[in-house]
Amino acid sequence: MYKKASLLLFLFSSRLLFAQTGVLNDFPKGYAPEEVGRRLAYHFVDDRHDLYAGRYIHYAEVCTWNGAISFALATKDGKLLQLLRDRFEPLFASEKALLPPMNHVDYNMFGGLALQLYQATKDRRYLDLGMAYADSQWELPAEAKTEEKQWAEKGYSWQTRLWIDDMYMITFVQMQAYKVTGERKYLDRAAKEMALYLDELQRPNGLFYHAPDVPYCWSRGDGWMAAGMADLLSYMPEDHTDRPRIMKGYRTMMESLKKYQQPGGMWNQLIDEPDCWAETSGTAMFTFAFIRGVQQGWLNAGEYAPAARKAWMAMIPYIDERNNVTEVCVGTGKKNDRQYYYDRPRLAGDFHGQAPYLWCAVALLDD
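Residues numbered from 1 in each chain as written. Predicted model: local features only at pLDDT ≥ 70, side-chain atom pairs only at ≥ 80, totals over all residues. Heavy atoms only, no water.

1. Some remarks on the overall build of the chain
Item 1. Looking only at helices and strands, the chain features 16 helices and two strands.
Item 2. Against the compact-globule benchmark of 21 Å for 367 residues, the chain has a radius of gyration of 20 Å, which places it among compact chains.
Item 3. If you line up the chain on its principal axes, its C-alpha atoms span 70 × 50 × 45 Å.
Item 4. Residue burial in the chain is summarised as follows: out of 367 residues, 57% are buried.
Item 5. Here the contacts in the chain between residues at least 6 apart in sequence split such that 72% fall between residues at least 24 apart.
Item 6. Surface summary for the chain: the accessible area is close to 15,900 Å², and the carbon and sulfur share equals 51%.
Item 7. Positive and negative side-chain charges of the chain, numbering 42 and 47 respectively, have mean locations separated by a distance of 4 Å. (Helix = DSSP H or I, 4+ residues; strand = E, 2+ residues; numbered from the N terminus. Rg over C-alpha atoms; globule rule 2.2 N^0.38 Å. Buried < 20%, exposed > 50% of the residue type's maximum accessible area, 1.4 Å probe, protein only. Contact = heavy atoms within 4.5 Å. Areas by Shrake-Rupley, 256 points an atom, 1.4 Å probe, with all protein chains shown as cover. Lys, Arg positive; Asp, Glu negative; His and termini not counted. Charge placed at Lys NZ, Arg CZ, Asp CG, Glu CD.)

2. Description of unusual backbone geometry
Item 1. Although it is not a glycine, L162 adopts a positive phi angle of roughly 60°.
Item 2. Along the chain, L162 turns up in the loop between α8 (146–153) and α9 (166–181).
Item 3. Positive phi values are uncommon outside glycine, yet E327 reaches one of about 60°.
Item 4. You can see E327 is positioned in the loop between α14 (301–315) and α15 (338–342).

3. Topic: the packing of helix α11 (residues 219–235) against helix α13 (residues 280–296)
Item 1. Direction vectors running N to C along α11 and α13 enclose 25°, while the axes themselves pass 8 Å from each other. On the basis of the axis angle, α11 is roughly parallel to α13. Handedness of the crossing formed by α11 with α13: left-handed. Here α11 contributes S219, R220, D222, G223, W224, A226, A227, A230, D231 and S234 to the contact with α13, which in turn contributes S281, G282, T283, M285, F286, F288, A289 and R292.
Item 2. In terms of residue class, the contact of α11 with α13 is built from eight nonpolar, six polar and four charged. (Axes fitted to C-alpha atoms, helices over the stretch in contact; angles between N-to-C directions. Parallel < 35°, antiparallel > 145°, perpendicular 65-115°, else oblique. Left-handed = near helix turned anticlockwise from the far one by under 90°. Nonpolar A, V, L, I, M, F, W, Y, C, P; charged D, E, K, R; others polar.)

4. Looking at the layout of surface pockets
Item 1. As a volume, the largest pocket reaches approximately 540 Å³.
Item 2. Lining of the largest pocket is provided by 24 residues; of these, S70, Q116, K179, D231 and Y235 occupy positions nearest its centre.
Item 3. Mapped by element, the contributors of at least two residues to the lining of the largest pocket are α3 (59–74), α6 (110–121), α9, α11, α13 and α16 (351–365).
Item 4. Considered class by class, the residues forming the lining of the largest pocket number 10 nonpolar, 10 polar and four charged.
Item 5. In terms of lining residues, the second largest pocket is bounded by 20 residues, among which W163, D165, H210, T332 and G333 are the most central.
Item 6. The greatest single-element share of the lining of the second largest pocket, amounting to three residues, is contributed by α11. (1 Å grid on protein atoms, 1.4 Å probe; cavity = no way out; pocket = protein on both sides within 12 Å on 5 of 7 lines; lining within 4 Å. Points joined across faces, edges and corners; volume = space filled by probe spheres on them.)

5. Observations regarding the packing of aromatic side chains
Two aromatic rings, taken as a pair, are described by how far apart their centres are and by the angle between their planes.
Item 1. Taken as a whole, this structure holds 25 aromatic pairs when the rule is applied.
Item 2. Here W151 and Y156 contribute two aromatic rings whose centre-to-centre distance is 5.8 Å and whose plane-to-plane angle is 85°, an arrangement assigned as edge-to-face. Take W151 and Y156: they sit in the same class, and that class is buried.
Item 3. In textbook terms, an aromatic cluster arises when at least three aromatic residues are bridged by ring pairs, as seen for Y52, Y56, Y59, Y107, Y168, F172, W224, F288 and W359.
Item 4. Taking the ring centre of F92 as reference, the NZ or CZ of R125 above it sits at 4.2 Å.
Item 5. Above the plane of the ring of W151 lies K154, whose end atom (NZ or CZ) is 5.2 Å from the centre. (Phe/Tyr/Trp six-rings, centres within 6.5 Å; stacked < 30°, edge-to-face > 60°. Lys NZ or Arg CZ within 6 Å of the ring centre and 35° of its normal.)

6. Describing α14
Residues spaced three or four apart along an α-helix face the same direction, because each turn holds 3.6 residues.
Item 1. Counted at 1.5 Å a residue, the expected span for α14 with its 15 residues is 21 Å, and the 20 Å between its end C-alpha atoms agrees.
Item 2. Sitting at the amino-terminal end of α14 is N300, which places a side-chain oxygen 2.9 Å from the backbone nitrogen of G302. (Expected span 1.5 Å × (residues − 1). Polar contact = N/O pair within 3.5 Å; in protein donor to acceptor, adjacent residues only side chain to side chain.)

7. Some points on the nonpolar core
Item 1. F88, F110, Y250, M253 and M254 are the most contacted members of the largest nonpolar core, which has 119 residues in total.
Item 2. Broken down by element, the residue count for this core peaks at 10 residues, all from α16.
Item 3. Look past the residues within four positions of M253 in its chain and what remains in contact with it is Q202, G206, L207, F208, D222, M225, A226, M229 and F286.
Item 4. Formed by 11 residues, the second largest nonpolar core is a distinct cluster that contains V214, W218, C276 and C329. (Core = buried A, V, L, I, M, F, W, Y, C linked by side-chain atoms within 4.5 Å.)

8. Brief notes about the pattern of salt bridges
Item 1. Taken as a whole, this structure holds 20 salt bridges when the rule is applied.
Item 2. Residue R38 is joined to D77 by a salt bridge in which the shortest nitrogen-to-oxygen separation is 3.4 Å. Residue R38 is found in helix α2 (residues 33–46), and its partner D77 is found in the loop between α3 and α4 (78–88); the two are separated by 39 residues along the sequence.
Item 3. For R322, the salt bridge identified is with D320, shortest N-O distance 3.3 Å.
Item 4. Among the residues examined, R322 registers a relative accessible area of 52% and is labelled exposed.
Item 5. Taken together, the salt bridges that share partners define one network made up of R85, E89, D123 and R125. (Salt bridge = Lys/Arg side-chain N within 4 Å of Asp/Glu carboxyl O.)

Here is the structure:
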């Protein structure tokens, strides 16, 4: 009798979970992740490079490129994958000068792109290039500053600076290095950095200020933390020493984000300011984190799956007829001025927005 009751309870729970998560795999025409991802990925193929001051490939382009590769793999689109490889090929020759130097957290993130292409193609050139970026993030340069030396002595990356966007930039390239080598040190690096940033920067309500001296919860800044934690947790073993700390930080943030989601499904440029404007890049990053949490069982599906669906349905109308995501806040440095964030320009097609939309599409295809 007991075994029968337990079996019935298990079947009921399984059906309930399926019903709750099912809201993430049944979308009307125009909203299906296959359609949306295809629009954005093929648009990226034809887009021009996004460069730092006209010199090096920008990390926002790297994020979009990675999203397009993931979409090509998820949909088994060989043509798209080849086009994405073709876009990279000149970087080995005629466009080699566009490769970022290995001396800054934003620049080193480029290595994750090469390592992702290696996983898809097994072309050794991608592996060698990508690992150089991953390893140099922990190799203290001879001209290192005092603060950089201090971080290295504590076992952290010398590129540590306690900016919240680092927790996508650092963790992504180190996690890709872990995936291609299987060496635990890369996973441990990413986890140790994430735990440090959570301890130093997360607010009691789970959100993050743009900077310790700038008490504003800027959407995309917080988005890097949300996406970075969701990605990292996806690869961390259950028994990893830093997993409980990161999971606690993730769940606390997700609970707060759910509270601040606007009735229409979006999140605002300043997350906790109800009269601020709806911003797409941060919204997409939060949506990605929700989707991953529901799929992995970290979040209650009954609460978070409908919230993720509402966000996705709200996001799609912001894609214009040219397949550009609109209402993307431009690159933004910190400033202790509330109005500054309200007044930031919005740019259609900015890779900061294109990228997380692709991440969401890929995540939904995994459901």
